[in-house]
Amino acid sequence: MRCRKWDTARVGWGREGVPVKVGVLALQGDVREHARVLTSLGADVVLVRRPDELAGVRGLVLPGGESSVIDKLARSFGMAGPLRAAIAAGMPVYGTCAGLILLADRVTDGIVGQQTFGGLDVTVQRNAFGSQVDSFETDLVVTALGTPPVHAVFIRAPLVLETGAGVETLAALDDGRIVAVRQGPLLGTAFHPEVSGETRFHELFLAAVRAA
Ligand code: GLN
């Protein structure tokens, strides 16, 4: 059977003709929503809470939720070191919202002592939209994904304030503020495609996993 490059039934399949095994970090946050999207794309999804579970996957999603809580749990579960090492070794990772914060090398407005796994050469401002607009939805043109635009849901979302030389901006708000970035196998969005029926960012992530 022939299969187009973006045939969504096959996006989650590896070169070996079997589903690729990817994880969702399952310490806190919207784990199930990510697992559902990845499963719908044909991936074999593992909920990752322990280092041995991390060692068995070829890519990882860091979900939305509360970055300071995920940081603390990751440190007390002995996951922070293995996560940093896996990212440094080139594992493809996709972070949404809190997950983007956890992937960032630098964070402003974190809680006292908040740490990240890092890997993405960006500075991210946590809760950047403040209390006046905690949550909003908008359509974003994302050239890398083609048409239609992405319907993006922002929930107490961060913003990317600065990007290093190797970082590609994938999407920005109308005023130019950056809300989606990619650096090699690392992908981050300030919004939540997993809650709006949008699958194309997860397809990009799975393509990076297959290519890694
Ligand atoms: N404000 C949250 C944080 O600091 C992120 C919110 C989200 O993931 N929707 O982690």
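For the structure itself, consult the block above.
Below: a short report on this structure. No experiment lies behind these values; they were computed from the predicted model shown.

## Observations concerning the overall build of the protein chain
Each helix and strand counted, the protein chain has 6 helices and 12 strands in total. The C-alpha radius of gyration computed for the protein chain amounts to 16 Å, which stays within 12% of the reference 17 Å derived for 212 residues, consistent with globular compactness. Expressed along its principal axes, the backbone C-alpha trace of the protein chain runs to roughly 50 × 40 × 30 Å. With 212 residues in all, the protein chain has 50% of them scored as buried. At a minimum sequence separation of 6, the contacts of the protein chain that also span at least 24 residues come to 64%.

## Side note on the side chain of arginine 200
Positionally, arginine 200 belongs in helix 6 (residues 200-211). By relative accessible area, which is 15% here, arginine 200 ends up buried. Only 3.3 Å separates the side chain of arginine 200 from the backbone oxygen of leucine 145, close enough to count as a polar contact. At a separation of 2.8 Å, a polar atom in the side chain of arginine 200 contacts the side chain of glutamate 198. Once residues within four sequence positions are removed from consideration, arginine 200 is found in contact with Leu145, Gly146, Thr147, Pro148, Pro149 and Val150.

## Quick look at helix 3 (residues 67-76)
Regarding helix 3, the residues found buried are Ser67, Ser68, Ile70, Asp71 and Ala74. Mapping the buried residues of helix 3 onto a view down its axis gives an arc of 165 degrees, with all of them on the same face. Residues of helix 3 that are exposed and point more than 90 degrees away from the buried face comprise Lys72 and Ser76. Directly after helix 3, the chain includes glycine 78, whose backbone phi takes a positive value near 70 degrees.

## Section: helix 1 (residues 31-40)
Listing the buried residues of helix 1 in full gives Val31, His34, Ala35, Val37 and Leu38. Looking straight down helix 1, one finds its buried side chains confined to an arc of 165 degrees; they lie on one side. Those residues of helix 1 that are exposed and aimed more than 90 degrees away from the buried face are Arg32, Arg36 and Ser40. Packed against the buried residues of helix 1 are strand 1 (21-25), strand 2 (44-48), strand 3 (60-62), strand 4 (93-96) and helix 6. Positioned one or two residues after helix 1, glycine 42 has a phi angle of 95 degrees, which is positive.

## Notes on the packing of aromatic side chains
Tallying each qualifying case throughout the model produces 6 aromatic pairs. Between tyrosine 94 and phenylalanine 201 the ring centres are 6.3 Å apart and the planes differ by 25 degrees, which places this aromatic pair in the stacked class. Of this pair, tyrosine 94 sits in strand 4 while phenylalanine 201 sits in helix 6; the two residues are 107 residues apart in sequence, bridging distant segments of the chain. Phenylalanine 201 carries the same exposure label as tyrosine 94, and that label is buried. When the centroid spacing of 6.0 Å and the interplanar angle of 65 degrees are considered together, the rings of phenylalanine 129 and phenylalanine 154 count as edge-to-face. Remark: phenylalanine 154 occurs in strand 8 (residues 150-155) and phenylalanine 129 occurs in the loop between strand 6 (120-125) and strand 7 (135-140); sequence separation between them is 25 residues. Like phenylalanine 129, the residue phenylalanine 154 is buried in the burial classification. In this structure an aromatic cluster arises from ring pairing among Tyr94, Phe129, Phe136, Phe154, Phe191 and Phe201.

## A word on the environment of arginine 182
Among the secondary structure elements, arginine 182 is positioned in strand 11 (residues 178-183). Assessed through its relative accessible area of 24%, arginine 182 is described here as partly exposed. C-alpha separation for the pair arginine 182 and aspartate 121, spaced 61 residues apart in sequence, amounts to 9.8 Å.

## A closer look at the pattern of salt bridges
Throughout the structure, instances matching the rule amount to 9 salt bridges. With its nearest N and O atoms 3.6 Å apart, the salt bridge here joins arginine 50 to glutamate 53. Using a relative accessible area of 44% as the deciding quantity, one classes arginine 50 as partly exposed. Linking arginine 126 and glutamate 66 is a salt bridge whose minimum nitrogen-to-oxygen distance equals 3.0 Å. With arginine 126 in the loop between strand 6 and strand 7 and glutamate 66 in the loop between strand 3 and helix 3, this pair connects stretches of sequence that are 60 residues apart. The exposure class of arginine 126 is buried, given its relative accessible area of 9%. Overall, glutamate 66 belongs to the partly exposed group, its relative accessible area being 25%. In this structure, a network of salt bridges that share partners links the residues Arg50, Asp52 and Glu53.

Basis of the calculations
- Residues numbered from 1 in each chain as written.
- Predicted model: local features only at pLDDT ≥ 70, side-chain atom pairs only at ≥ 80, totals over all residues.
- Heavy atoms only, no water.
- Helix = DSSP H or I, 4+ residues; strand = E, 2+ residues; numbered from the N terminus.
- Rg over C-alpha atoms; globule rule 2.2 N^0.38 Å.
- Buried < 20%, exposed > 50% of the residue type's maximum accessible area, 1.4 Å probe, protein only.
- Contact = heavy atoms within 4.5 Å.
- Polar contact = N/O pair within 3.5 Å; in protein donor to acceptor, adjacent residues only side chain to side chain.
- Arc of directions from axis to C-beta.
- Phe/Tyr/Trp six-rings, centres within 6.5 Å; stacked < 30°, edge-to-face > 60°.
- Salt bridge = Lys/Arg side-chain N within 4 Å of Asp/Glu carboxyl O.

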